[in-house]
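Reading the structure
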Amino acid sequence: MEKSNAYGAGLALIAALGFSLKAIFIKLAYPYGVDAITLLALRMGFALPIFLWVGLAGQKAGGSLTRDDWIKLALLGCLGYYGASILDFWGLEYISAGLERLILFTYPTLTILIGVLFQGKPFTRREGIAVALCYTGIGLAFVHDLNFGDTRSVLIGGGLVFGSSVSYALYLSGSGPMIARLGAMRFSALAMLMSSAVTLLHFMIAQPFSAFIQPLPVYGWGLAMALFSTVIPVFAQSAAIRRIGAGRAALFGMVGPILTIGVAWWLLGEHISTAQTAGAVFVVIGILIVSRK
């Protein structure tokens, strides 16, 4: 059991590192003039063959799905990797990558609260302390961006990214039972296929097909996002949820903002203030508290 928990924690950390790079890839692609839905469609389009292959293999090996299964997959797919992604992409048009990652990482605490309010799960004192510390850290980083950016843009972008966090928390909360029923790989592939279908439908409604003609670097960042911030972390996250549960897997994921802030400073030239550093420390302490036995 202890070995399984350690393996699950490692997978959750891999997922967090992969997801944390997404904001960096988006910020690197935006200067070339690509819009949010086109970039998201490229990301999902590049990842689609892998999820299609895994999904078809899982369909042959696993049992048949019921009508309710398909409805749940469609709903979770829309929440997790379409709804959460498009809100996140829009939010990054307004705020820094460092702040985006800290706001987005309210999803672990939201996942826990959803479990407590709607799934009858207990809320421990340790989790309460971790939640308080993590939100304090996020608040400090938010103050940093308000001081260095346009207040209206920070509030709009922050609101969009928080909406993304809510959407992703709902996805995580609903994914546990489906992962137990279908298996991590099969569930992840099918949910991503649903997300890809909705994303590409949105693109076809909102943009002409010629919007896929982009500068070469945009394809490169889209491909990097598909592999390192979609395929690898999606499967790692689902496997972690199967081993340690959605709430704990999400809390381990809160290490992501630290990496994003560091890489954003390195590659994007984003300023790191004392408030941001203090906020990152609070988040790390929160993770350490909740992960101790």
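In this text the structure is predicted, and so the values were computed from the model without any measurement.

Summing up its helical and strand segments, the protein chain has 13 helices and zero strands in all. Helices (α) and strands (β) of the protein chain occur, in sequence order from the N terminus, as α-α-α-α-α-α-α-α-α-α-α-α-α. Here the protein chain has a C-alpha radius of gyration of 18 Å; the compact-globule value for 293 residues is 19 Å, and the two agree. Buried positions account for 53% of the 293 residues belonging to the protein chain. Contacts in the protein chain between residues far apart in sequence, at least 24 positions, make up 89% of those at least 6 positions apart. Here the protein chain displays about 12700 Å² of accessible surface, and carbon together with sulfur accounts for 71% of that area.

Quick look at the nonpolar core now. Counting 82 residues, the largest nonpolar core has Y30, L39, F51, Y81, F89, Y168 and F187 as the members making the most contacts within it. Those residues within four positions of F187 in sequence are excluded, and the remaining contacts are L73, L76, Y171, S175, M178, I179, L182 and S238.

A few words now on the side chain of S196. By secondary structure assignment, the location of S196 is in helix 9 (residues 184–206). In contact with S196, not counting residues within four places along its chain, are M44 and L48.

Right, let's talk about the packing of helix 4 (residues 67–91) against helix 8 (residues 151–182) for a bit. In the contact formed by helix 4 and helix 8, the axes pass within 8 Å of each other and the chain directions differ by 155 degrees. For the element pair helix 4 / helix 8, the angle class is roughly antiparallel. In this structure, the crossing between helix 4 and helix 8 has a hand that is left-handed. Residue composition of the contact of helix 4 with helix 8, by class: 14 nonpolar, nine polar and four charged.

Bringing the pattern of salt bridges into the picture now. All chains considered together, the criterion is met by two salt bridges. Between D88 and K22 there is a salt bridge whose closest N-O contact spans 2.8 Å. Here D88, found in helix 4, pairs with K22, found in helix 2 (residues 22–29); they are 66 residues apart in sequence, far enough to count as distant. By relative accessible area, K22 is classed as buried at 7%.

The next subject is the side chain of Q214. In this fold, Q214 is placed in the loop between helix 9 and helix 10 (216–244). If near-sequence neighbours (up to four positions away) are discounted, Q214 is found in contact with V34, T38, L42 and Y219.

The periodicity of an α-helix, 3.6 residues per turn, causes residues three or four places apart in sequence to face the same way. Most of helix 2 sits inside the fold, with seven of its eight residues counted as buried. Those residues of helix 2 not exposed but buried are K22, A23, I24, F25, I26, L28 and A29.

Relative orientation of the contacting elements helix 8 and helix 10 amounts to 60 degrees, with a least axis distance of 10 Å. Seen from above, helix 8 lies across helix 10 with right-handed handedness. Along its contact with helix 8, which presents Y168, L172, S175, G176 and I179, the element helix 10 presents Q237, S238, I241 and R242.

Summed over the entire model, instances satisfying the criterion amount to 10 aromatic pairs. Aromatic pair Y171 and F187: ring centres 6.1 Å apart, planes at 25 degrees, arrangement stacked. Placement of Y171 in helix 8 and of F187 in helix 9 is noted, with a sequence separation of 16 residues between them. Accessibility expressed as a relative area gives 2% for Y171, which makes it buried. Judged by relative accessible area, F187 falls into the buried class, the value being 0%. Taking the centre distance of 5.4 Å and the plane angle of 80 degrees together, the rings of F209 and F212 count as edge-to-face. One aromatic cluster is present, formed by F19, Y81, Y168, Y171 and F187 through successive ring pairs.

Let us look at a nonpolar patch on the surface. Side chains of I14, L227, F228 and I232 sit close together on the surface and give an oily, nonpolar patch of about 340 Å² of accessible area. The element that contributes the greatest number of residues to the nonpolar patch is helix 10, accounting for three residues. Secondary-structure assignment places L227 in helix 10. Here L227 falls in the partly exposed class, since its relative accessible area comes to 37%.

Rules used in this analysis
- Residues numbered from 1 in each chain as written.
- Predicted model: local features only at pLDDT ≥ 70, side-chain atom pairs only at ≥ 80, totals over all residues.
- Heavy atoms only, no water.
- Helix = DSSP H or I, 4+ residues; strand = E, 2+ residues; numbered from the N terminus.
- Rg over C-alpha atoms; globule rule 2.2 N^0.38 Å.
- Buried < 20%, exposed > 50% of the residue type's maximum accessible area, 1.4 Å probe, protein only.
- Contact = heavy atoms within 4.5 Å.
- Areas by Shrake-Rupley, 256 points an atom, 1.4 Å probe, with all protein chains shown as cover.
- Core = buried A, V, L, I, M, F, W, Y, C linked by side-chain atoms within 4.5 Å.
- Axes fitted to C-alpha atoms, helices over the stretch in contact; angles between N-to-C directions.
- Parallel < 35°, antiparallel > 145°, perpendicular 65-115°, else oblique.
- Left-handed = near helix turned anticlockwise from the far one by under 90°.
- Nonpolar A, V, L, I, M, F, W, Y, C, P; charged D, E, K, R; others polar.
- Salt bridge = Lys/Arg side-chain N within 4 Å of Asp/Glu carboxyl O.
- Phe/Tyr/Trp six-rings, centres within 6.5 Å; stacked < 30°, edge-to-face > 60°.
- Patch = residues over 30% accessible without salt bridge, like charges linked within 9 Å, V, L, I, M, F, W, Y side chains within 5 Å.

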